[in-house]
Each structure stands twice: as structure tokens, then as C-alpha cells.
Amino acid sequence: MSNDAATVHPVPEATMQGAHVFGMAAHQALVAEAEADYGGYWARLAREFVTWKTPFTKSLDDSNAPFFKWFEDGTLNVSYNCLDRNVERGLGGKVAIVFEADDGQVTRVTYSDLLARTCRLANALKARGVKKGDRVVIYMAMSIEGVVAMQACARIGATHSVVFGGFSAQSLRDRIEGAGAVMVITADEQVRGGKQLPLKAIVDDAIALGGCESVKDVIVYRRTGGKTGWHPSRDHWMHDETEGQPEVCEPEWVGAEHPLFLLYTSGSTGKPKGVQHSTGGYLLHAALTTKWTFDIRDDDVFWCTADIGWVTGHTYIAYGPLALGATEVVFEGVPTYPDAGRFWKMIQDHKVSVFYTAPTAIRSLIKLADASDAVHPKSYDLSSLRILGSVGEPINPAAWEWYHRNVGGGRCPIVDTFWQTETGGHMITPLPGATPLVPGSCTLPFPGIAAAIVDETGNDVPNGQGGILVVKKPWPSMIRTIWGEADRFKSSYFPPELKGYYLAGDGAIRDPGNGYFTITGRIDDVLNVSGHRMGTMEIESALVSCTDLVAEAAVVGRPDDTTGEAICAFVVLKGERPTGAAAKKIATELRNWVGREIGPIAKPKEIRFGDNLPKTRSGKIMRRLLRSLAKDEEITQDTSTLENPAVLAQLAEKN
Ligand code: WT7
């Protein structure tokens, strides 16, 4: 495979003049600087991008690999860097957040306002006894208050763990227990697509499930005024808590390695992992990548459509843009309400100049735009746009071209950013003023990131040959550990056979001509459905926990035009194998069960039933076969080792 010259989109030099990194020579100079003096390169940037209370004297400490430390003896506060610092620079009156509610109502918050609100909530948390190092779970929808809650935790040195508002009571319970949270911050309800959905009630359910005894207080932001249960000794309205609190709150100066947040994410085995991030190194990469990858300038209006429940919403909503003093849009609703033109209308209304979204959203909007001109981007004035971004999964070249032409008017570079919850920020991405683009390729490592492709023994593979994506050197915003599971951290990310390299879990290939990276997808049992990451084992566990019905279950992914991958479950029931209407009914029941156990995003798209699963004589489930069945492929694999070949015909049958 070689990047055909016809597919290369050169940098639009006229419009990208003055970019923070302009031209490939500037890009290469940064890469060379990092190669010549790795610690010095990151130290220079850490001084430029972060304001330290006490400066660090050492950049990287690798004496206890893979537990790397960065800028360890420096002290700082993230909230100071995102808020006070901008006010001190004279940006107090600048709009920090343009919030658009589901119903279209717009609220603007300046940097001074955001600082005051953060301080009042921080003081309220302190008044409830929350201290440095305590964990606080945030279970909120997209809101100003959600960002304020994260900033308030950062201000007092409490470690937040945001749980996506689509997760079930059971998933929330697991994360509260895992983190040992002393407090949960939530809202009465959330509003999405014209519907009111519960949040506080799910917190109550989660706590009622048991194991959350560490939680002393639940702070509730009143979003809708909808009815919720109330435990007077535990529950407090946010507006009551913050009333009368001072608008100043001295930041808690913490060491650079202090855990800013935990964020649970799925792995290939076991329960979700609590990815622990640092303060100093994380903030550096959040600010740096926001500036270089999106070429953020003073008058930009940045909009990242992610949810604060995912890492993208942490780095590119709650922290990166604010650390730069940028103006950003925060959106409560969904892209298809009141119609599928919502994104385009919001770009037009708020004069968004940098827009960052996921391929799955683009693909679903393409279909709707094709069906109706009224919701096609061409019906809106999108001339404010300068740069487009993509994140979460590979973007297929057809979607890339559509996005480029119809949203970007053919003039906006698309930065296809590859990274992960564990990496804290962009790892492989174009820089819009420097990197010629190839649709479907995330192009080159961010300057200083030692991404490479190796074989199973950690040796480099030549370009043009696929392999395992690794990062050869530690970087400032990398995962520090899995909360409470240091051994699992080591074995998951630094397997001994890979020479101490960080294992990303994705396959990749480099172009023989220009060395560009293309991500070929996960090499483990992690699925990516609409950019949401899920472990097959988690879904299998949820299915078999329906002990009344299910004897055994296996879950695989299959390619899907809109969601990237779709979940397909193969289930053996305790009773007889159902067919026809009975099968449909049980499939619906099981889908809802999984929705309740994990969250709606984990519901299998398809469930098929067999008297058994295809296994080898040693009892191993043959997942390769299941993947072929899920794709409705003819089985060409060798099935001679199969214990029970007859089940294949059953499992090929759709309900
Ligand atoms: C996995 C990480 C990155 C923040 C949101 C998802 C896939 C992510 C890309 C991309 C191809 C991508 C990978 C990765 N992925 N971005 N630009 N091209 N694949 O974070 O939930 O931790 O998922 O998402 O498979 O490992 P996450």
C-alpha cells in the first residue's frame, strides 16, 4: 500500500499562514529537538505552557519504569492554570464557554464568571469535608456545571472520576466503589433530544446496590426540577451549597504527579480499568496538543462535540481549551434534534472556527443530509470554519471526503487524531499548518511522541508491513497506573516481550513512501461502537449474569457502516433454543438486560441462539468463527478441530 499522490491534500498555505507549527520543516525541527534532548524538549514546553507555583528541577524520572514520573518536584494547580491565569492576563471578560442547551437556549460564561463559580463550588466541597486526594465521582450531563465540578475538584486537589451519564446504576456503582469516592456530584435529570432522563435516581439506585459506603454526600445540580427521591442526610442541592460561598478560593498547590483524575475504560479482560492521570504532565499535553493540533488562536471558537464522560471531553473541553484561554462551545443535546442540521446550525450561529467530532456522527449525518437538503451542510453558512477534527475510531476515506467537501468547503484541513484514554492527549495526528493530509491516515506522531510499529517480539517492522502499535518512550500525559491495580497496569501496557514499550492495543501500518500511519483497529477483545470503547468480556459477563435465562455467551464485533463496529452476541440458553417469535422476544429481553447492567451503548445489535457455541476439543470458544458468522461470511476456516460443527448452521441463522 502506498499513498497515491492523487489522494494527498496539501496544506492550504494561504489560509494556514501564521500557524503555530507552519510547514513540514518546522514540524521536523520539533521532532529533531525531541530526539536530540528528550527531557529538555518536554521541559521547555512544560515551562512555556504551564504556570508552576514552584518550578520543577527534573523532567523525566524513569528510575522505577514503567511507573514514570514527570516534573515531579514542581507544584501547580490545574484550575489556576485554566482560570486565574487567564483573568490575570486580562482575559476575565472573554467568553470561556458558550453553552447551548438541548432546547437551543444559549448561556455565555466569561473567564471571570467561570473562576467565581468554580471557587464557590470548591468552597462548598471543602465545607463538606472534601480534601486533597479524596475521590469525587461526577455523574452529569453536558453542562457548565459539569465543567465547573471538574475544575472545582482540581482546585482543591480532589481527584475526580467522571462517569458517562449513559452508564447504568450497576456500572456507576462499580466505579464509585472502585474509586472509593467520598462524594457524588450529579443533576436531577438530563435533557437530550427533547427528553428528560434521570441522573439522580440512578445515583440512588447505584448506592442502594451496596458497596458505596464511602459516599458521604451527593450534590445535586437542579437542571429540570423533575421529581427525584431525597435522602436528607446525604443529598444537597448545588445551589444551596454554593449560596453565600466566597468567590475566591486559594488553589491547593499539588505536586506534578498528584492524580488529577481517574477515568474508567474498558479492557479486553475483567472489570473496567481506572486509568489514573497526573496533574503536570497531563496539563502540559492537554494545552500543547490543543494549541498545535487545532492551531488555536485568540479569536477562535472551538467546539469539541464529545461528552465530558469520555477522555475527549476531559482533555479538549474541561482542560485544554481553558488552559489556552480559548472560547469554546459546550452542547447539551444530540446531533439529530430538533433535526439533523443541528451541528451545522450551531457552527453557523456561534461562528465556530475549529470543529472536532467523531466519524460515527459524520456517517450518520451523511445519510440524513442525503435524504433532505434542509439538513445538508450546504444549507448553512459554515464559512467561519478553519479546521476540522476527527477522533475515536478510524475515519473511512469516503466520510473524510464528504466532511472535507461539505462541511469544510474544501478549504479546511481535517486533523484525524489518534489517541486513547490512557494517552491523555493526541499521539498521532496531522498538524494543520504542516502536514499534507491523506484521507484515512492519522499521518505522523505528534512531535516528541515515539510511536512505532513492531512485531510480537518488539522488533521494528518495515514500512508497508502491518504490526503492533507501540510508543517507545514515556511521554508526559501517559497513564500513571490503573487505580489500585499496579500489576494489571504493568501487564496490560508493558508486556515483557515488548522491550518496555507502551502497548496501545491497536494494529497499524506505515506507508512505504511517506511513513504515514494508518490504524487498522484493535488487536485485543476491545470493541469500538460509535467511538465508545467496550470489552467483549464485559458484555459476556452481563449476559451470563442473567442467570434465569443464559447458560453461556460469546460476543464479537462486526463491521458496521454507521457505528464502525456493531456488537453481535451468540447465546446458549438454559432452556431450549428459541426460534421465530420466541427468539425475537428473548433477544429483546436480553438486550434490555445488558442495557440495565452496563448502559444502552452496550446493547448487542444482534443476538443469535445456539444449542452450544463452537468450541475446540479443549473447550476453547472459536471466536474467529464467530466473527465470520457475525459477518454472514461463508465459513472457509478449518472446522475439523470443532467439537460440535452442527451448531454453526444454528448460529448462522438470524432472528
Ligand atoms: C481507541 C481508544 C481518543 C479518545 C476517544 C477514544 C480508537 C481513537 C482513533 C483514530 C483510529 C482511533 C483506537 C484506540 N481510536 N482515535 N483517530 N483513528 N482509531 O478513546 O475510548 O480510550 O478508545 O479508539 O482503537 O485504541 P478510547
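The protein has the name Acetyl-coenzyme A synthetase in an unreviewed UniProt entry, where Variovorax humicola is given as its organism. Recorded in UniProt under Sequence similarities (unreviewed entry), the annotation for the protein is "Belongs to the ATP-dependent AMP-binding enzyme family." According to the UniProt record, the Cofactor (unreviewed entry) comment for the protein reads "Mg(2+)".

Draft legend 1. Examining the state of the cysteines more closely. Scanning all chains against the criterion turns up 0 disulfides. As a non-bridged cysteine, C119 has C249 as the owner of its nearest cysteine sulfur, 5.4 Å distant. Its relative accessible area of 6% is what places C249 among the buried residues.

Draft legend 2. Representation of the UniProt feature "domain: Acetyl-coenzyme A synthetase N-terminal" (unreviewed entry) in the protein. As recorded in UniProt, the feature "domain: Acetyl-coenzyme A synthetase N-terminal" (unreviewed entry) lies at residues 28–82. Helix makes up 47% of residues 28–82 and strand 11%, whereas the separation of the span's terminal C-alpha atoms amounts to 30 Å.

Draft legend 3. Representation of the packing of helix α7 (residues 169–179) against helix α8 (residues 200–208). Two numbers describe how α7 lies on α8: the axes approach to 8 Å, and their chain directions differ by 60°. Crossing of α7 against α8: the hand is right-handed. Every residue of α8 that contacts α7 at A169, L172 and R173 is listed here: I202, V203, D205 and A206. Split by residue class, the contact of α7 with α8 holds 5 nonpolar, no polar and 2 charged.

Draft legend 4. Highlighting the pairing of strand β4 (residues 95–100). Across the 6 residues of β4, 5 count as buried, placing the element largely inside the fold. The pairing of β4 with strand β5 (residues 106–110) spans 5 bridges and is antiparallel. Directly across from E100, in β5, lies its bridge partner V106. Connecting the antiparallel pair β4 and β5 is a turn made up of 5 residues, with G104 showing a positive phi of about 95°.

Thresholds, definitions, all that
- Residues numbered from 1 in each chain as written.
- Predicted model: local features only at pLDDT ≥ 70, side-chain atom pairs only at ≥ 80, totals over all residues.
- Heavy atoms only, no water.
- UniProt positions renumbered as here; feature names shortened; annotations may be inferred.
- Disulfide = S-S within 2.5 Å.
- Buried < 20%, exposed > 50% of the residue type's maximum accessible area, 1.4 Å probe, protein only.
- Helix = DSSP H or I, 4+ residues; strand = E, 2+ residues; numbered from the N terminus.
- Axes fitted to C-alpha atoms, helices over the stretch in contact; angles between N-to-C directions.
- Left-handed = near helix turned anticlockwise from the far one by under 90°.
- Contact = heavy atoms within 4.5 Å.
- Nonpolar A, V, L, I, M, F, W, Y, C, P; charged D, E, K, R; others polar.
- Pairing = 2+ DSSP bridges.

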